[in-house]
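Examining the three-dimensional arrangement
For reference, the chains in residue letters:
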Amino acid sequence: MVEIPREKLLDMYRTMVRIRRFEERTAKEFAAGKIPGSVHLYIGEEAVGTGVISHLRKDDYIFSTHRGHGHLIAKGGKTDRAMAELFAKKTGYCLGKGGSMHIADTDIGMLGAAGIVGSGITLANGAALSSVLRKTDQVTVCFFGDGASNRGSFHEGINLAAVWCLPVIFVCENNLWAVSVPTSCSLKIRDIADRAVGYGIPGVVVDGMDVLAVYEVAGEAVARARSGGGPTLIEAKTYRYRGHFEGDSGIYRPKEEVEAWLKRDPIKLYQEKLLEMKVITPEMAKQIDEEALAEMDAAVKFAEESPPPGPEEVLNGVYA
Amino acid sequence: MKELNFRQAIGEALLEEMERDPNVFIIGEDVGKMGGLMGELGDAYSRFGAERVRDTPLSEDAILGCAIGAAITGMRPVAQLRFVDFMGVCWDNILNQASKMRYMFGGKISVPVVMTALSGAGRRSAAQHSQSLEGMMSNIPGLKIVLPSTAYDAKGLMKSAIRDGNPVVYFEHKLLMWTGPKSQVPEGEYLVPIGKADIKREGKDVTVVATAFNVHRALKVADKLQQEKGISIEIVDPRTIKPLDKEAILNSVKKTGRLVCYIEECDTGGFAQQVAAIVADEAFDYLDAPIKRVTAPDTPVPYGQYLEDHWIPMEPKLIKAIEEITA
């Protein structure tokens, strides 16, 4: 295990707690009818985005998914502007035009959540090629799920990245379910990471509930990409605690399976480890949590008090 | 001035823009040593190398996705998708990504990517290599659509497309690429603005709105009818389908009082219908006769001269339509 600075360990914990609290608050506001469109929550998968993005610089790029709030927050996105976007307000990241599935913030290299599963895989190559042509050492991370790994863009995209040795890290968040279809019905292989062999790049499986394990494999992949060693396919085994979208009860999933994964909650596991490592105390953990709750109160207040976009905004922003 | 054919004009535009702006690069199948399917890229590969003239695997979705990703991070790629028919393979990147990113992300991202593709019938290439889809694509907000008919326009529009901050679909009609008439073009640099129509022939009796190779068919018809029947035809070439220079079309119809939309596309939902609708809506009182559409039937493009020449709206169909409304 690599040595991780104490401040980095704490940052990761704080990020995971903030993502969890943001998503819980989103669920509450959605249920209260405050969020007009659909939301897909990242609860249960916090360790993956956090562990990977902790290696990135502000000028590195990420491409996210329909389940993108966690990636945005880990990359440095603001929870108040994200909540305002969910509330469809003018102060939101997309001026209320995109909603949950289209949040992007170029200032922090977050190049978009996605309404089309798997679309980021080919786009990520372009951002990576761009940094190669501009001769920077930026890297690009592309997140996607087990469902996306069955799309054509996965094959075309990863093959091209491999052939051109692009600085991309493909991170498959395998939460075992593509809406209601389990991976047992959509994959003949056990590990999606095995597909890396077909493209001639490294593929690695990691426990997506263990942020330190994710941090370690992502560190190697990011270092490889940054030093010109080309792409890596990381498969993080994880689980979404909620339905595919808010309002989906998830009745298709066996109760025992859900319970088993809940026992391996990534935040609980990490907290136990940090306590054991004496990086935090129970009081500090409580304080981090209270700060996160207060941040989300402020985010919701900001969203509620923000003005809506005016009807003239419908016609703006189609063309540069 | 110098004389260029359509292919050479496109090649010159690309090379000049690559010379001018180091962020411009070409990505696509066979763009490297082969110099493009038609050799239109000339010596781009030997001049700019494999880094900026990028041969790809046969992966249209990866080609276009890569171009878009590069465009939103500061580059100005030209993605060669070969045939418009192949855009079916990378449709998501056209329909949902390039065209919508700017709007759905709140106007912060710009997507300066050019997508080029051969379109049109007449090369006996059958249903999957002969379509014209500009009308259908014009229904997608966020795209600009360019459809030049001459070498002069092709060069100037390509340069404008590369400098534009938006996704531009640039269609090259096959017959223009293979056998199109040459143009005189200036030695020095010039641009043709996107969104500006060109009157390819002035006339007073009938307005014919024509695009791509149909402009040349219409020019032949205009000469013939002028000579034989004294009918004076004005040919308006929009050059860009989107944004459309409505004013040029409306002004012409206001002068002539008659309109034929002469477009090589399947009729239903095509560009001809759009032009007819605009004129019916905004210049109805100026019309002296019903608007005519001379288009292709709603069938796939058939193979072989025995069938394809009946699918393509050839000159006799245009003549018939004009005679009907001038009788």
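Residues numbered from 1 in each chain as written. Chains lettered and ligands numbered in written order. Predicted model: local features only at pLDDT ≥ 70, side-chain atom pairs only at ≥ 80, totals over all residues.

**Considerations on the interface of chain B and chain A**
- The interface is formed by 35 residues belonging to chain B together with 35 residues belonging to chain A.
- When residues of the side of chain B that touches chain A are traced back to their parent elements, those giving at least two are α3 (60-71), α4 (91-98) and α5 (101-104) of chain B. (Contact = placed C-beta atoms within 7 Å. Helix = DSSP H or I, 4+ residues; strand = E, 2+ residues; numbered from the N terminus.)

**Looking at the sheet that holds strand β6 (residues 203-207) of chain A**
Residues and elements named next belong to chain A.
- Pairing is parallel in the open sheet, where five strands are placed in the order β1-β2-β3-β7-β6. Either end of the sheet is taken by a strand with one partner, and the two such strands are β1 (61-63) and β6. For this sheet, the mean inter-axis angle between neighbouring strands, taken without regard to orientation, is 20 degrees.
- Bridge count between β1 and strand β2 (residues 140-145): three bridges; the pairing is parallel. In the strand pairing of β2, Tyr-61 is matched with Thr-140.
- Running at roughly 165 degrees to strand β3 (residues 168-174), helix α2 (residues 46-53) makes contact with β1, β2, β3 and β7 (232-237) of the sheet.
- Relative to the sheet, helix α8 (residues 211-226) contacts β3, β6 and β7, its axis offset from that of β7 by approximately 170 degrees. (Pairing = 2+ DSSP bridges. Axes fitted to C-alpha atoms, helices over the stretch in contact; angles between N-to-C directions.)

**Notes on unusual backbone geometry**
Residue and element names in this part refer to chain B.
- Each neighbour pair has its own omega, and for Lys-242 with Pro-243 the value is 0 degrees, a cis peptide bond.
- Tracing the sequence through the fold places Pro-243 in the loop between β12 (240-242) and α10 (246-256).
- One non-glycine residue with positive phi stands out, namely Asp-30, at about 65 degrees.
- Among the structural elements, Asp-30 can be located in the loop between β2 (24-28) and α2 (44-52).

**Considering α2(A)**
- Summarising burial for α2(A): eight of the eight residues are buried, a large majority.
- Of all the residues in α2(A), the buried ones are A:Glu46, A:Ala47, A:Val48, A:Gly49, A:Thr50, A:Gly51, A:Val52 and A:Ile53. (Buried ≥ 20, exposed ≤ 12 C-beta atoms within 10 Å, placed from the backbone.)

**A look at the domain arrangement of chain B**
Residues and elements named next belong to chain B.
- One can read the domain layout of chain B as domain 1 (2-185) and domain 2 (198-326).
- A C-alpha centroid distance of 26 Å is found between domain 1 and domain 2.
- Taken together, the contact pairs 26 residues of domain 1 with 27 residues of domain 2.
- Secondary structure elements with two or more residues in the side of domain 1 that touches domain 2: α6 (134-137), β6 (144-146), α7 (151-163) and α8 (174-179).
- Broken down by class, the residue content of the side of domain 1 that touches domain 2 amounts to 13 nonpolar, nine polar and four charged. (Domains from an automatic or database assignment. Nonpolar A, V, L, I, M, F, W, Y, C, P; charged D, E, K, R; others polar.)

**Quick word on the sheet that holds strand β4 (residues 76-83) of chain B**
Residues and elements named next belong to chain B.
- With respect to topology, seven strands assemble into an open sheet ordered β3-β2-β4-β5-β7-β6-β12, the strand pairing being mixed. Edge strands, defined here as strands with exactly one partner in the open sheet, are β3 (53-55) and β12. Pairwise comparison of adjacent strand axes, ignoring direction, gives a mean angle of 20 degrees for this sheet.
- Of the pairings in the sheet, the one linking β2 to β3 comprises three bridges and is parallel in character. Among the inter-strand pairings, Gly-28 is bridged to a residue of β3, identified as Asp-55.
- Running over the sheet, α3 touches β2, β4 and β5 (114-119) and is turned about 160 degrees from β4.
- Sheet strands in contact with α7 are β2, β4, β5, β6 and β7 (168-173), and its direction is about 160 degrees off that of β7.

**Notes on the confidence of the model for chain B**
- The share of residues in chain B with pLDDT of 70 or more is 100%, and the mean pLDDT across the chain is 97.
- The ipTM value of the predicted complex is 0.97, and its pTM value is 0.97. (pLDDT = per-residue confidence, 0-100.)

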